[in-house]
Amino acid sequence: MNAPTPFPGPAPQQDRVAFDRQELGTILGLYGRMVAAGEWRDYGMSFLKEVAVFSVFRRTAEHPIYRIEKRPKLRGKQGMYSVIGMDGQILKRGGDLRAVLRVLDRKLIRAVE
């Protein structure tokens, strides 16, 4: 008899930055409110070696209007979360995701006539 061939183990996990469940829940909560308001239509996520990016689109086939980034290496310096506008300008940066996302919540508040 031949010895059984073992199943290959799990693929080696590449070092990638990702949003955890709580962070993703916070981001998707804001996304849902903005979709309901008709402001946003689509999103995309990228998990790279040094940064995790949640991109927000007004339409599917255009450049993102906002990028929400997580860069753990900046945790001790400027804060690991940032919101970046379409032109590349950093709108808000900090260590608390909810506080950083408030800059986008303000876009939802409008004067009622």
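Below or above, wherever it landed, is the structure these notes cover. (Residues numbered from 1 in each chain as written. Predicted model: local features only at pLDDT ≥ 70, side-chain atom pairs only at ≥ 80, totals over all residues. Heavy atoms only, no water.)

## Focus on the packing of aromatic side chains
Tallied over the entire structure, the rule returns 6 aromatic pairs. Taking 5.0 Å as the distance between ring centres and 75 degrees as the angle between the ring planes, the aromatic pair formed by Tyr31 and Tyr43 counts as edge-to-face. Here the residue Tyr31 occupies a position in helix α1 (residues 21-36), and Tyr43 occupies one in strand β1 (residues 42-47), the gap between them amounting to 12 residues. The class of Tyr31 is buried, set by a relative accessible area of 12%. Relative to Phe54, the ring of Tyr43 lies with its centre 5.0 Å away and its plane at 10 degrees, an arrangement referred to as stacked. Of this pair, Tyr43 sits in strand β1 while Phe54 sits in strand β2 (residues 52-57); the two residues are 11 residues apart in sequence, bridging distant segments of the chain. A relative accessible area of 33% places Tyr43 in the partly exposed class. In this structure Phe54 comes out as buried when scored by relative accessible area, which is 0%. (Phe/Tyr/Trp six-rings, centres within 6.5 Å; stacked < 30°, edge-to-face > 60°. Helix = DSSP H or I, 4+ residues; strand = E, 2+ residues; numbered from the N terminus. Buried < 20%, exposed > 50% of the residue type's maximum accessible area, 1.4 Å probe, protein only.)

## Let's talk about the nonpolar core
What tends to happen in soluble globular proteins is that the nonpolar side chains get buried as a cluster. By size, the foremost hydrophobic cluster in this structure holds 21 residues, and its most contacted members are Trp40, Ile68, Val83, Leu101 and Leu104. Within the residue set of this core, elements represented by two or more residues are α1, β2, β3 (66-70), β4 (81-85) and α2 (97-108). The dominant element in this core, judged by the number of residues it contributes, is α2, at 5 residues. In contact with Ile68, not counting residues within four places along its chain, are Phe19, Ile27, Ala52, Val53, Phe54, Ser82, Val83, Leu97, Leu101 and Leu104. (Core = buried A, V, L, I, M, F, W, Y, C linked by side-chain atoms within 4.5 Å. Contact = heavy atoms within 4.5 Å.)

## As for the pairing of β2
The element β2 is extensively covered by neighbouring structure, given that 6 of its 6 residues are classed as buried. Across the two faces of β2 the burial is the same, with Ala52, Phe54 and Val56 and Val53, Ser55 and Phe57 all buried. Pairing of β1 with β2 involves 6 bridges; the strand directions are antiparallel. Residue pairing in the sheet places Met45 in a bridge with Phe54 of β2. Both β2 and β3 contribute to a ladder of 5 bridges, which runs antiparallel. Its bridge partner lying in β3, Ser55 is registered against Arg67. (Pairing = 2+ DSSP bridges.)

## Points about α1
In this model α1 runs 22 Å from its N-terminal to its C-terminal C-alpha over 16 residues, within 8% of the 22 Å that 1.5 Å per residue would give. Listed in full, the buried residues belonging to α1 are Glu23, Thr26, Ile27, Leu30, Tyr31 and Met34. End-on, the buried residues of α1 take up no more than an arc of 130 degrees, which puts them together on one face. Summarising the geometry of α1, the exposed residues directed more than 90 degrees from the buried face are Arg21, Gln22 and Ala36. (Expected span 1.5 Å × (residues − 1). Arc of directions from axis to C-beta.)

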